[in-house]
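# Coordinate analysis (summary)
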Amino acid sequence: MTVDTSRELEAGLDALELGPVEARTPVWRRVLSSTLPPLVALLVLYAVWQLVVSTEHPTNLPSPSEVWTELQSQWDQNRIQQAVGNSLYHGVLGFLISAAVATPLGVALARISLLRRSLRPLITGLQSLPSVVWVPAGILWFGLSAKTLFFVVLMGAIPSIVNGTISGIDQVPPLYLRVGHVLGARGLTLARHVLLPAALPGYLGGLKQGWAFSWRSLMAAELIASSGTLGLGQLIEDARNLSSFPGVIVGILAILVVGIAVDLLFFSPLERTILRRRGLLTS
Amino acid sequence: MTVLDTLRRRSVPDTSVVSSSAVVVEGMTKRFGRGPLILDDISLSVAPGEFLCILGASGCGKSTLLNLVAGLEQPTAGRVEVPGHKPSLMFQEPALYPWLTAGENVELALKLRGVGKAERRQTTQELLALVRLEGAGHKRPHELSGGMRQRVAMARALAQDSKVLLMDEPFAALDAITRDVLHDELTRIRQEVGATVLFVTHNVREAVRLGDRVILLSSRPGRVANEFPVRIPQPRRIESPEVAALSVEITEHLRAEIRRHAQKASS
């Protein structure tokens, strides 16, 4: 066989293996297929709520319209915006500090066997500890201040980001590291060019969970330790003190919406991009 | 100047400084911890530009041998020398990094060698052209076929600018036709680059198709059992009668080696 026919054979194989380029589904269809089901679910939920309220049994569950009125009044007083702003500020900042502390800690624990054996059980234990238990300790230590909020957020988020980082690194195929070695990468160079990018999907999962823990911990702290600034947790606590059931529900809904929005606008797109680039996500 | 010129030019001072062998293994023995002996007193030398195939059944320590030559493991006794070169190593899996494009995978090898940015770009293009993947540099590994991925891995191995290429069953996971095409590619590329190749396989025909010399290892522990020069001119075809004839002869020896273990087990 001559060189030319071998070249042709190779080109033919390449073309066959790659297959025809599939047409992508149009944008409107993708948007529709991802937004329609949750919208329908929401409508069903709304209908059930309305149904429960309108049954003849006396109930003090507020109707959707009462909650709507309450939301409008809170909005007009600029309370809800302020609370969301303050809570997001504390939550995001606390999360970022947690990530900055937990990431190097996680890498160290993953790579240094002695450190891992001594600290991993503790970290895992801390992860299953409800962060509310840190609130009294925080109050005694820092008083009713923002420091208490950050303290509780950090205690909630750091263990879960550390564990996410460790499992991200554990999942790196050993072959990637061997190839890195063969290519001459050692120590920090190996970490930068091989270990960390390879661990990214698992690490991102850890960050996502870390955010959820930050947000939950913050709400618990705000509910109990009302500091000077108005947060969503405090909004609920204030409503309870006024025996305003609609106010409590407005607060809960706001917490839910913020949690969903952060995931939808930040974590999900990031995760999808990373996974798609690596061919770990079809469609 | 092309990458091939660069590769050839850099090889000149090395060969003048040291001995005439590209790889020397002398009395090498390996065991892991207190485990069984994996390799027992292996001695072999590979001439510059030679294509040496190492053939053996399971448990002959083929991969361990390559790891030792690559410097990934240390021998328990004996010595390994690869004068002037840090060998590059290719595995059965392409092991391309999925967060990088094909081109970036090749470029990373250059970057880790400290090659400047402009030169890196150009050399990457030349290496991709060498494995006939000029247009695929922007593609991600998962968008490539198995054969294409292994060609990218080959380009990455060549990017290490080593004159010694160690290959650990690199085509074992590919289908027959793709493997055949890659045999042609490897034969062509190693002639163009003038590399010394140490190629481990359990496929007798593949060894005869590619090698200038075939070494047969015995199993448990691995010892050099036999050596066969391959005096068939390149380009060879895997289906040619000469290749088939020698393969039959070597297979007989390989079978005898394996049978020896049956007797050992029953006695």
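Higher on the page you've got the structure.
Let me begin by describing the structure that accompanies this report. Here the structure is a predicted model, which means the values were calculated and not measured.

## What about a nonpolar patch on the surface?
Residue and element names in this part refer to chain A. On the surface, Trp28, Leu32, Leu36, Val40, Val44, Val48 and Val52 cluster together into a nonpolar patch covering about 650 Å² of accessible area. Following the sequence through the fold, Val44 ends up in helix α2 (residues 27-54). Residue classification places Val44 among the partly exposed residues on the basis of a relative accessible area of 48%.

## Some words on the pairing of strand β7 (residues 196-201) of chain B
Residue and element names in this part refer to chain B. Taken across its 6 residues, β7 has 6 buried, putting it largely inside the fold. By the alternation rule, side chains of β7 split into Thr196, Leu198 and Val200 and Val197, Phe199 and Thr201, which are all buried. Strand direction decides the pairing type here: strand β3 (residues 51-55) and β7, joined by 5 bridges, are parallel. Bridge pairing in β7 places Ile54 opposite Val200. Bridge analysis of strand β6 (residues 164-168) against β7 gives 5 bridges, and the strand direction is parallel. Paired with Leu166 across the bridge in β7 is Leu198. After leaving β6, the chain enters helix α6 (residues 176-193) and then returns to the sheet as β7, a path that is right-handed.

## Digging into the side chain of Glu50 of chain B
Residue and element names in this part refer to chain B. By the secondary structure assignment, Glu50 is in the loop between β2 (37-46) and β3. Of the polar contacts made by the side chain of Glu50, one reaches the side chain of Arg213; its length is 2.6 Å. Apart from the residues lying within four places of it in its own chain, the contact partners of Glu50 are Ser45, Arg190, Ala195, Thr196, Val197, Asp212 and Arg213.

## Let's talk about helix α7 (residues 146-170) of chain A
Residue and element names in this part refer to chain A. Under the 1.5 Å per step criterion, the end-to-end length of α7 is 36 Å for 25 residues, consistent within 8% with the ideal 36 Å. Within α7, the axis deviates most sharply at Ala157, by approximately 25°, and proline Pro159 lies no more than four positions further along. α7 sits mainly inside the fold: 19 of its 25 residues count as buried.

## Remarks on the packing of helix α3 (residues 102-112) of chain B against helix α5 (residues 146-159) of chain B
Residues and elements named next belong to chain B. Following both chains from N to C, one finds α3 and α5 inclined at 20°, their axes separated by 8 Å at the closest point. One way to sum up the angle between α3 and α5 is to call them roughly parallel. Two packed elements cross with a definite hand, and for α3 against α5 that hand is right-handed. Two secondary-structure elements touch here, α3 through Ala102, Asn105, Val106, Ala109 and Leu110 and α5 through Val152, Ala155, Arg156 and Ala159. In the contact of α3 with α5, the residues fall into 7 nonpolar, 1 polar and 1 charged.

## A short note on the layout of surface pockets
All names here are of chain A. If you add up the space inside the second largest pocket, you get close to 630 Å³. Lining the second largest pocket are 18 residues, with Leu42, Tyr46, Trp49, Leu253 and Val257 sitting closest to its centre. Contributing elements (two or more residues each) for the lining of the second largest pocket: α2, α3 (64-76) and α11 (245-277). Per-element tally for the lining of the second largest pocket: the top contributor is α11, with 7 residues. Of the residues contributing to the lining of the second largest pocket, the split by class is 17 nonpolar, 1 polar and no charged.

## Notes on the sheet that holds β2 of chain B
Residue and element names in this part refer to chain B. Read from one edge to the other, the open sheet built from 3 strands follows the order β2-β1-β4, with strand pairing classed as antiparallel. The two strands at the open ends of the sheet, each matched to only one other strand, are β2 and β4 (77-81). On average, each strand axis in the sheet is inclined to that of its neighbour by 20°, with strand direction left out of account. With 6 bridges connecting them, strand β1 (residues 23-31) and β2 associate as antiparallel partners. Across the sheet, residue Arg31 finds its bridge partner in β2, namely Leu37. Lying over the sheet, helix α2 (residues 62-70) contacts β1, β2 and β4, oriented at roughly 120° with respect to β1.

Quick notes on the rules
- Residues numbered from 1 in each chain as written.
- Chains lettered and ligands numbered in written order.
- Predicted model: local features only at pLDDT ≥ 70, side-chain atom pairs only at ≥ 80, totals over all residues.
- Heavy atoms only, no water.
- Patch = residues over 30% accessible without salt bridge, like charges linked within 9 Å, V, L, I, M, F, W, Y side chains within 5 Å.
- Areas by Shrake-Rupley, 256 points an atom, 1.4 Å probe, with all protein chains shown as cover.
- Salt bridge = Lys/Arg side-chain N within 4 Å of Asp/Glu carboxyl O.
- Helix = DSSP H or I, 4+ residues; strand = E, 2+ residues; numbered from the N terminus.
- Buried < 20%, exposed > 50% of the residue type's maximum accessible area, 1.4 Å probe, protein only.
- Pairing = 2+ DSSP bridges.
- Right-handed = clockwise from strand over helix to strand, strands pointing away.
- Polar contact = N/O pair within 3.5 Å; in protein donor to acceptor, adjacent residues only side chain to side chain.
- Contact = heavy atoms within 4.5 Å.
- Expected span 1.5 Å × (residues − 1).
- Bend = angle between axes of the 7 residues up to and from the residue.
- Axes fitted to C-alpha atoms, helices over the stretch in contact; angles between N-to-C directions.
- Parallel < 35°, antiparallel > 145°, perpendicular 65-115°, else oblique.
- Left-handed = near helix turned anticlockwise from the far one by under 90°.
- Nonpolar A, V, L, I, M, F, W, Y, C, P; charged D, E, K, R; others polar.
- 1 Å grid on protein atoms, 1.4 Å probe; cavity = no way out; pocket = protein on both sides within 12 Å on 5 of 7 lines; lining within 4 Å.
- Points joined across faces, edges and corners; volume = space filled by probe spheres on them.

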